[in-house]
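# Survey of secondary and tertiary structure
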Amino acid sequence: MAMKLEILSKEVIKPDSPNHLQTLHLSLFDQFLPTTYVSAIFFYDDHQPDQEEILVQKLKNSLSQTLSLFYPLAGRIKEGVTVDCNDEGALFTKARADVLLSDVLRNPSDAGLVHKLIVSPDRADPGTWPLLHVKVVFFRDRGFAVAVSASHKLCDAASLSMFVRSWTKAAKGFADTVNPEFSASVFFPPADISVEFPPFLEPKKKSKTKSFVFGPLMIEKLKIRASCGLLVPQATRGESITALLLRCMTNSRRPKTEAVTEFAITHTMNLRPRVPLSFLPRKAIRNFFFLPLLKETSENKMEIQETVSKLRKTKEELNELITKDSEDSDTNSDEAAKERIVSAMLSFLCEVSPEAETYAVSSWCRMSFYDADFGWGFPVWVAPGSVDKTQVVLMDAKDGEGVEAWVTLPETDMAEFEHDDELLVYAPPS
């Protein structure tokens, strides 16, 4: 479905009170991440047309308040390794679409529509574009969308969720009682321009993104299939869906060549709920995730139970990295655990062959995106905008039980993948 956007206005929103930190150091893993945005788009189905300016002004004022807490997002990246917290501001765009919200909701798998609602950064000079961009789009009916895009150099999905939660509180007149903490370069080593990472998740071919919805009933059936005796007696919904998607994604790759293909598979693991508070505060903002690596080849059929077992093993290995010294009274045990996590991450990144086909899975489930109420009710739909490189993003469906999977593949692979009989059993077209 075609959609045109008319840009009505652009404005820089600055924090309503100045910050006192001038420079924030990026971490080594912030440096490794691609120059892109982590984005989420919130769709709402009710506003009074004559109240548009009031709504927009409310968003601007509360955004200014929130930026005083999340002040690095009002700064700019400097020389690739630091953030100049200069209160330069975030970009706020108001736009109008020539379609109805109902048209968008009837075509939820059309990622092209969603991508038009988010910002496209200027890759020629990433140091100049804002670290936060908000775009409010009004549709032809009473619906509208709020697209929030934060630099991946500063935010992961959990950070974006915390920012949106704080912003919605401000919009309703409530002050956030816990300030966010930007401490990545304390947990991870600081950025170093002399360190070069191998290319990772850089698109090699023209890609296509589609979404697939797994309902609660089909998830339960898939979990039963994915569970495997003593190794994983009860697979989670995330493990089960991830294993099925990886099987179907790698299957879509096999017919293209007779040669053995290497697959490098990662699935991001949020560190915040897994490590002690002495490691990380729960409101730590930045990229705090662990990237385990699974290496497979096209000779492996990626059986679902086998993949679930491997995914579970990576969780156990991370837990061992964290808890190995937990019984020691040595005050350096926390630092030793951090060093083990960093060492494992660096080892995994260096093991990825440039010739390997990479598949990355990121779960945004249980991150409360559907709780984003700015004062006019909860969103009718939330979509990720960060699916051009991550390849798979899992999000809660609105009912909280189902899962929506956004998958990005080369166009030729997607033509095979979206018609995979095994996939369509569990995620039938709506």
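Along each chain, the written sequence defines residue order, and numbers are assigned to residues from 1. Local features in this predicted model are restricted to residues of pLDDT 70 or higher, and side-chain atom pairs are both shown and tallied only at a pLDDT of 80 or more, whereas totals for entire chains, interfaces and linings draw on every residue. Hydrogens are left out, water is left out, and the side-chain values use all remaining heavy atoms of the structure.

## Points about the overall build of the protein chain
Helix and strand assignments come from DSSP, with helices taken as H or I runs of at least 4 residues and strands as E runs of at least 2, each series counted from the N terminus. The helix and strand inventory of the protein chain stands at twelve helices and 17 strands. It is over C-alpha atoms that the radius of gyration is taken, and the globule rule equals 2.2 Å times the number of residues to the power 0.38. Over its C-alpha trace the protein chain gives a radius of gyration of 22 Å, about what one expects of a compact globule, namely 22 Å for 430 residues. With respect to the principal axes defined by its C-alpha atoms, the protein chain has extents near 60 × 55 × 40 Å. When the 430 residues of the protein chain are sorted by exposure, 57% land in the buried category. We call two residues in contact whenever any of their non-hydrogen atoms come within 4.5 Å of each other. Contacts spanning at least 24 positions in sequence make up 80% of the contacts within the protein chain whose residues lie at least 6 apart. For every residue, the accessible area obtained with a 1.4 Å probe (protein chains only) is divided by the maximum for its type, and the residue is called buried under 20%, exposed over 50%, and partly exposed between those limits.

## What about helix H7 (residues 216-226)?
Of all the positions in H7, only Ile219, Leu222, Lys223 and Ala226 are classed as buried. Angular distribution of buried residues about the axis of H7 spans 105 degrees; they occupy a single face of the element. Set apart from the buried face of H7 by more than 90 degrees, the exposed residues are Leu217 and Ile224. Buried residues in H7 make contact with strand E9 (207-214), helix H8 (237-253), helix H9 (304-323), strand E17 (403-410) and helix H12 (421-426). The reported arc concerns the directions from the helix axis to the C-beta atoms and nothing else.

## Let's talk about the packing of H7 against H8
Structural elements are reduced to axes, namely lines fitted to C-alpha atoms, with helices fitted over the stretch in contact, and the angle between N-to-C directions of any two is expressed from 0 to 180 degrees. Contact pair H7 / H8: the axes reach a minimum separation of 9 Å and the direction vectors enclose 80 degrees. By the criterion of interaxial angle, the relationship of H7 to H8 is roughly perpendicular. For the pair formed by H7 and H8, the contact residues are Ile219, Leu222, Lys223, Arg225 and Ala226 on the first element and Arg237, Ser240, Ile241, Leu244 and Arg247 on the second. Gly is put with the polar residues, along with every residue not named as nonpolar or charged; the nonpolar set is Ala, Val, Leu, Ile, Met, Phe, Trp, Tyr, Cys and Pro, and the charged set is Asp, Glu, Lys and Arg. The residue inventory of the contact of H7 with H8, partitioned by class, reads five nonpolar, one polar and four charged. An angle below 35 degrees is treated as roughly parallel, one above 145 as roughly antiparallel, one from 65 to 115 as roughly perpendicular, and anything else as oblique.

## Here we look at the state of the cysteines
We call a pair of cysteine sulfur atoms a disulfide whenever their separation is within 2.5 Å. Applying the stated criterion to the full structure yields zero disulfides. With no disulfide of its own, cysteine 85 lies closest to cysteine 155 among cysteine sulfurs, the gap being 12 Å. Under the relative-accessibility criterion, cysteine 85 is labelled buried at 1%.

## Overview of the UniProt feature "coiled-coil region" (unreviewed entry) in the protein chain
UniProt positions are given in the numbering used here, feature names are shortened, and annotations may be inferred rather than shown by experiment. Under the local residue numbering, the UniProt record ascribes the feature "coiled-coil region" (unreviewed entry) to residues 294-324. Across residues 294-324, the secondary structure splits into 65% helix and 13% strand, with the terminal C-alpha atoms separated by 22 Å.

## Some remarks on the environment of aspartate 371
Among the secondary structure elements, aspartate 371 is positioned in the loop between strand E14 (357-363) and strand E15 (381-384). Between the C-alpha atoms of aspartate 371 and arginine 165, which are 206 residues apart in sequence, the distance is 7.8 Å.

## Concerning helix H2 (residues 52-69)
Take the number of residues in a helix, subtract one, and multiply by 1.5 Å to get its expected span. Taking 1.5 Å of rise per residue, 18 residues should cover 26 Å, and H2 covers 26 Å from first to last C-alpha, within 8% of that figure. Every buried residue of H2 is listed here: Glu52, Leu55, Val56, Leu59, Lys60, Ser62, Leu63, Ser64, Thr66, Leu67 and Ser68. Of the surrounding secondary structure, the elements contacted by the buried residues of H2 are strand E1 (5-13), strand E6 (90-97), strand E7 (132-138), strand E8 (144-151) and helix H5 (157-171).

## What to know about the pattern of salt bridges
Between side chains of opposite charge, pairing is possible as soon as their charged atoms come close. The term salt bridge refers to a side-chain nitrogen of Lys or Arg lying within 4 Å of a carboxyl oxygen of Asp or Glu. This structure, assessed with the given rule, holds 22 salt bridges. As a salt-bridge pair, lysine 94 and glutamate 53 come within 2.3 Å of each other at their nearest N and O atoms. With lysine 94 in strand E6 and glutamate 53 in helix H2, this residue pair connects regions lying 41 residues apart in the sequence. With a closest N to O distance of 3.3 Å, lysine 295 and glutamate 351 form a salt bridge. Here the residue lysine 295 occupies a position in strand E13 (residues 293-297), and glutamate 351 occupies one in helix H10 (residues 333-351), the gap between them amounting to 56 residues. We classify glutamate 351 as partly exposed; its relative accessible area is 35%. One connected set of salt bridges, linked through shared partners, spans Glu52, Glu53, Lys94 and Arg96.

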